[in-house]
Amino acid sequence: QVQLVESGGGLVQPGGSLRLSCTASGSIFSINAMGWYRQAPGKQREAVAAISSGGSTYYVDSIKGRFTISRDSAKNTVYLQMNSLKPEDTAVYYCNFAAAGDDYWGQGTQVTVSS
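These numbers were taken from a predicted model, which means no experiment stands behind them.

Calculation notes
- Residues numbered from 1 in each chain as written.
- Predicted model: local features only at pLDDT ≥ 70, side-chain atom pairs only at ≥ 80, totals over all residues.
- Heavy atoms only, no water.
- Core = buried A, V, L, I, M, F, W, Y, C linked by side-chain atoms within 4.5 Å.
- Buried < 20%, exposed > 50% of the residue type's maximum accessible area, 1.4 Å probe, protein only.
- Helix = DSSP H or I, 4+ residues; strand = E, 2+ residues; numbered from the N terminus.
- Contact = heavy atoms within 4.5 Å.
- Disulfide = S-S within 2.5 Å.

S.K.: Would you mind going over the nonpolar core with me for this structure?
M.R.: Of all hydrophobic cores here, the largest spans 32 residues; its most connected members are Ile28, Trp36, Val78, Leu80, Met82, Tyr93 and Phe97. Counting residues per element, the ones that place at least two in this core are β3 (18-25), β4 (31-39), β5 (46-52), β7 (67-72), β8 (77-82), β9 (91-99) and β11 (109-113). For this core, the leading source of residues is β9, giving five residues. Setting aside residues up to four positions removed in sequence, Leu80 forms contacts with Leu18, Arg19, Leu20, Trp36, Ala49, Phe67, Thr68, Ile69 and Tyr93.

What follows is the structure, encoded as structure tokens:
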């Protein structure tokens, strides 16, 4: 059984940084893309960033220039480096692995940006 385990969330002041990690336990074949989503209270879940197997990246406009997604395919791990954090970045962040015929989700990690 495949599980995605996230780490790296927490409380940070505005302007600070956090690095989220997500690692898959178990074998996943043909991962097409890895990504991060977030859901703030009272809002729908939104895609934040994604990276394809070929290395192409996607970022939602609100985080461009501040967040960087990267992956270590050998370790089945995806990272999200978050800099210059703002209060509006506060949300539960979820990782997602899109594989052939399957979609995997992490349990979510809370990121709170507050002074």
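S.K.: Would you explain the state of the cysteines in this entry?
M.R.: Each disulfide consists of one covalent bond between the sulfur atoms belonging to two cysteines. Tallying each qualifying case throughout the model produces one disulfide. The side chain of Cys22 participates in a disulfide bridge whose partner is Cys95; the two sulfur atoms lie 2.0 Å from each other. Residues Cys22 and Cys95 share a disulfide whose torsion about the S-S bond is about 50°; that sign makes it right-handed. Residue Cys22 is found in strand β3, and its partner Cys95 is found in strand β9; the two are separated by 73 residues along the sequence. On the accessibility criterion, Cys22 (0% relative accessible area) is buried.

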